[in-house]
Amino acid sequence: MSDYETILVEKKGAVTLVTLNRPQALNALNSDVLADLINAFANYDADDSQRCLVLTGSEKVFAAGADIKEMQDQSFADMYKSDFFKGWEKVTATRKPWIAAVAGYALGGGCEVTMMADFIIAADTAKFGQPEIKLGVTPGMGGSQRLTHAIGKAKAMHMCLTGEMMGAEEALSSGLVAKVVPAADLIDEAMKTAETIAGMAPLAAIANKEMVNAAYEMTLAEGINFERRLFHGLFGTQDQKEGMKAFVEKRPGNWTGK
Ligand code: CAA
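Basis of the calculations
Residues numbered from 1 in each chain as written. Predicted model: local features only at pLDDT ≥ 70, side-chain atom pairs only at ≥ 80, totals over all residues. Heavy atoms only, no water. Helix = DSSP H or I, 4+ residues; strand = E, 2+ residues; numbered from the N terminus. Rg over C-alpha atoms; globule rule 2.2 N^0.38 Å. Buried < 20%, exposed > 50% of the residue type's maximum accessible area, 1.4 Å probe, protein only. Contact = heavy atoms within 4.5 Å. Areas by Shrake-Rupley, 256 points an atom, 1.4 Å probe, with all protein chains shown as cover. Lys, Arg positive; Asp, Glu negative; His and termini not counted. Charge placed at Lys NZ, Arg CZ, Asp CG, Glu CD. Near = heavy atom within 4 Å. Polar contact = N/O pair within 3.5 Å; in protein donor to acceptor, adjacent residues only side chain to side chain. Nonpolar A, V, L, I, M, F, W, Y, C, P; charged D, E, K, R; others polar. Disulfide = S-S within 2.5 Å. Expected span 1.5 Å × (residues − 1). Arc of directions from axis to C-beta. Core = buried A, V, L, I, M, F, W, Y, C linked by side-chain atoms within 4.5 Å. Right-handed = clockwise from strand over helix to strand, strands pointing away.

A. Spotlight on the overall build of the chain. From N to C terminus, the chain includes twelve helices and ten strands. Scaling as 2.2 N^0.38, a compact globule of 258 residues should have a C-alpha radius of gyration of about 18 Å, and the chain matches this with 19 Å. Projected onto its principal axes, the C-alpha coordinates of the chain cover approximately 60 × 45 × 40 Å. Expressed as a percentage of its 258 residues, the buried residues of the chain come to 42%. Counting only contacts in the chain whose residues sit at least 6 apart along the sequence, the fraction spanning at least 24 positions is 64%. On the chain, roughly 13,900 Å² of surface is accessible, and the fraction owed to carbon and sulfur atoms is 56%. The centroid of the 26 positive side-chain charges in the chain is displaced by 6 Å from the centroid of its 33 negative side-chain charges.

Below is the structure:
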């Protein structure tokens, strides 16, 4: 079913389920994983039959970080010349919605990937951390920025400087994750949420995602203007006409993505 070496990709109705699959290295994110994820996410974005994606790991570990064994002998020149970690911006450029479903460890790059998702659903076993300081380095895939945006300076600084992990309940109360569920229900709950999103008008899903993300990049006035213009733009779609007609007729919308 999967053409990939390090991930499993399954289409379940309108939802793509991507499972990180390097159990021998606790799903450490080496360049093969990045290449596979770039392909899988690009295929998802291009496939009109797919309307939401769930990225998950195993019960024990979402991902234990970037691959330390791949990095350990690299020089500054190697890292700088190859612009190591370049490519993850292709994953974050995915236009359609995707969810990280996290059980067990999400550490270093693993935590950083979960924060690239549109939102995180965590099992009660999830543990988030940025332990790079214990390796003599720092986060390198956006953790210092996205974690600070998500949970604020005090908690982000504490996590980055101590390398301590944050459990699922604290991640929920800190605003890092959207929902915590029992570990046994994680995939069912994430798939159910993804199916709900997949049932929405596709262009509206992209537009909602685009405008929430714009809140990180724009001033309030620019963001509000951006939101209003996108909102106006949706009145050029068939799905806006259908959605509002369906409401008035008290029936579900029948979306065309046009
Ligand atoms: N890279 C490469 N291999 C890793 C790895 C990683 N990030 N994490 C675990 N592994 C490997 C271990 O070396 C071990 O391999 P061997 O069997 O060949 O010895 C195997 O996976 C199992 O690991 P453990 O024996 O350590 O498993 P554990 O259950 O005792 O501990 C753990 C689990 C707490 C997650 C522990 O593995 C750990 O602390 N891992 C490293 C976490 C970390 O530091 N992540 C940050 C990486 S740097 C980074 O991500 C930079 C960035 O910003 C992008």
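On we go from here.
B. Focus on the site of the ligand. Lys60, Gly109, Glu112, Glu132 and Gly140 are the nearest of the 25 residues found near the ligand. At 2.8 Å from an oxygen atom of the ligand is found a main-chain nitrogen or oxygen belonging to Gly109. Protein contacts shield 65% of the accessible area of the ligand, which totals 990 Å² for the unbound molecule. Among the elements that line the shell around the ligand, the one with the most residues is helix H2 (residues 68–71), at three residues. Classifying every residue of the shell around the ligand by side-chain character gives 14 nonpolar, six polar and five charged.

C. Structural context of the state of the cysteines. If you walk through the whole model with that rule in mind, you get zero disulfides. In this structure Cys160 is not part of a disulfide, and its nearest cysteine sulfur, from Cys111, lies 8.7 Å away.

D. Fine view of helix H1 (residues 31–46). Between its terminal C-alpha atoms H1 stretches 23 Å, which fits the 22 Å expected from 16 residues at 1.5 Å a residue. Looking at H1, one finds that the buried residues are Val33, Leu34, Asp36, Leu37, Ala40, Phe41 and Tyr44. All buried residues of H1 lie within an arc of 165 degrees about the axis, which places them on one face of the element. In this structure, the buried residues of H1 make contact with strand S1 (7–12), strand S2 (15–20), strand S3 (52–56), helix H4 (88–92) and strand S5 (98–102). Between the side-chain oxygen of the N-cap and the backbone nitrogen of Asp32 there are 3.1 Å, and the N-cap of H1 in question is Asn30.

E. Quick look at the nonpolar core. Counting 59 residues, the largest nonpolar core has Leu20, Leu37, Leu55, Trp88, Phe128 and Leu176 as the members making the most contacts within it. Among residues more than four places away in sequence, those in contact with Trp88 are Leu29, Leu34, Leu37, Val113, Met116 and Met141.

F. Helix H6 (residues 143–151), seen in detail. When H6 is considered as a whole, its buried residues turn out to be Gly143, Leu147 and Ile151. Down the axis of H6, the smallest arc covering the buried residues is 25 degrees, so these residues share one side. Where the residues of H6 are buried, they touch helix H5 (109–116), helix H7 (153–162), strand S9 (166–167) and helix H8 (168–174). Two residues or fewer past H6, Gly152 is found with a positive phi of approximately 90 degrees.

G. Highlighting the pairing of S3. The buried fraction of S3 is high, at five of five residues. Alternating residues of S3 divide into Cys52, Val54 and Thr56 and Leu53 and Leu55, and every residue in both groups is buried. Each parallel crossover has a hand, and the one from S2 via H1 to S3 is right-handed.

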